[in-house]
Amino acid sequence: MPDNAGTPPSLQNQPTSPPNRPAPLPGGQSSGGGNLPQTAGQEHRIYDLRPYTGYLTKHDHPEQAIVDWVLRETGTDVWFTSPFGFLNADRDQLSVYHTPEMHGVVSGIVDRFVAGEKDPQVLSLRVMTVGNPNWRSRAHLLMQHVNVDSPGVQAWLLSKENAALVLNLLRQRTDTRQVQALDLITYNGQTEKLASTRGRNYVQNVKPAATGWPPYEPETGEIQEGYRLEISPLLSVDGSAIDCVIKASIDQVDQLKPVELDLPLPNAQVHRTKIDVPQVVSWRLHERFRWPSDMVLLLSCGVIASPERPQAAMPLFNLEMLTGTTAGRADALMFIEFRGRASDNLTTTPLVPQISAGFGTPHRGRY
């Protein structure tokens with residue numbers, strides 16, 4: 001039997017050093033006395049990431065997901081305050097210098113990647129809107145309430161059987177509308193981004209015309225309405241639980257308020273025109289949830305701007321164009337269900353969500 005049979009996968013094949021010996025700087029570098037501070041018994045360990053990153057050949061930086069999840073678990077302050085420590089990663093390994101207690105946390109996260117699921121998984125997402133929040137009166141006993149930090153957001157856990165019953169109750173209502181339903185293919189720990197947006201034009205400014213007549217011409221602007229979603233699921237090593245970071249935003253133009261302008265003409269007369277001032281309704285969610293993988297997570301964003309503004313059936317009678325208003329208030333619901341390996345679940349090609357331009361830039365300021 002090999003010597004490392006009982007060692008966690010993330011710590012196999014790493015160099016060891018006597019615990020009481022001062023830690024040398026990596027790569028033989030030196031600073032002053034040539035040793036890293038050990039005021040709290042810090043240790044330098046190398047975690048092998050190849051059992052995970054070796055499967056993600058089409059991802060540019062799969063190790064970034066591991067760094068993100070470590071920072072979500074530990075917080076960012078511990079890496080920038082006393083005691084001294086550092087965290088660095090490339091595709092093959094994660095280099096960490098910190099206390100043994102912190103290594104225990106890091107090792108737990110890394111093992112969920114290197115010893116967990118490598119195959120693509122299916123996460124079923126269903127976004128619905130309900131005009132009246134009274135759907136809760138019939139569904140209340142089917143759901144288990146979960147505490148949420150974000151203001152106005154509610155969450156529940158449901159068995160898959162109860163989730164099917166709640167969906168059936170919602171479909172029977174005339175004020176229910178399904179915005180999105182898809183099977184999202186994800187790799188353990190990686191972040192997927194979805195978006196469904198469209199532009200709404202308005203007159204944001206008036207400037208002198210280059211041709212001379214008409215004397216002024218409008219400058220138009222555009223606001224992107226719709227929703228954007230980032231979701232990052234991470235399974236436990238045995239697959240019994242799932243952690244999921246959800247970041248969502250909804251933006252909707254509630255009204256375009258007209259402002260009259262009186263502009264001078266060369267003949268001392270006045271040219272009257274108007275510009276629009278957008279009244280935008282926005283909503284944001286950034287939460288981390290953990291639940292048993294055999295249950296369904298249901299999120300309610302409260303009665304907010306509807307994620308998708310309905311189009312008029314007959315454009316000729318579209319009153320929105322005349323009034324500048326948008327009737328769009330609804331209880332936005334999101335069902336999230338983990339369905340296991342993609343190879344065991346999908347019999348058809350999964351839906352490909354629309355990815356909005358400019359939304360792929362990662363934001364490293366918050367975990």
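My aim in this report is to walk through the structure given alongside it, one point at a time. (Residues numbered from 1 in each chain as written. Predicted model: local features only at pLDDT ≥ 70, side-chain atom pairs only at ≥ 80, totals over all residues. Heavy atoms only, no water.)

### Description of the sheet that holds strand E1 (residues 43–48)
In a beta sheet, neighbouring strands pair by backbone hydrogen bonds and run either parallel or antiparallel. Taking strand neighbours across the sheet as the criterion, the three strands line up as E1-E3-E2 in an open arrangement whose pairing is antiparallel. The strands lining the two open edges of the sheet, one partner per strand, are E1 and strand E2 (86–89). On average, each strand axis in the sheet is tilted by 10 degrees relative to the strand beside it, whichever way the strands run. Here E1 runs beside strand E3 (residues 93–98); their pairing, made up of six bridges, is antiparallel. If you follow aspartate 48 over to E3, its bridge partner there is glutamine 93. Contacts from helix H2 (residues 63–74) reach E2 and E3 within the one sheet, and its direction differs from that of E2 by about 160 degrees. The strands touched by helix H3 (residues 100–114) are E1 and E3; relative to E1, the strand with the most contacts, the crossing angle is about 5 degrees. (Pairing = 2+ DSSP bridges. Helix = DSSP H or I, 4+ residues; strand = E, 2+ residues; numbered from the N terminus. Axes fitted to C-alpha atoms, helices over the stretch in contact; angles between N-to-C directions. Contact = heavy atoms within 4.5 Å.)

### Thoughts on unusual backbone geometry
For the peptide bond that leads from serine 82 to proline 83, omega is 0 degrees, which places it in the cis range. Along the chain, proline 83 falls in the loop between H2 and E2. Located in the positive-phi region is alanine 268, a residue other than glycine, with phi close to 70 degrees. By the element assignment, alanine 268 lies in the loop between strand E10 (241–264) and strand E11 (270–292).

### Focus: the sheet that holds strand E8 (residues 192–208)
Ordered by their spatial adjacency, four strands build an open sheet running E8-E9-E10-E11, and the pairing between neighbours is antiparallel. Because the sheet does not close on itself, it has two edges, and the strands there are E8 and E11. Each neighbouring strand pair of the sheet contributes to a mean axis angle of 10 degrees, computed without reference to strand direction. Bridge count for E10 against E11 is 23 bridges, and the pairing is antiparallel. Note that in E11 the partner of leucine 261 across the bridge is threonine 273.

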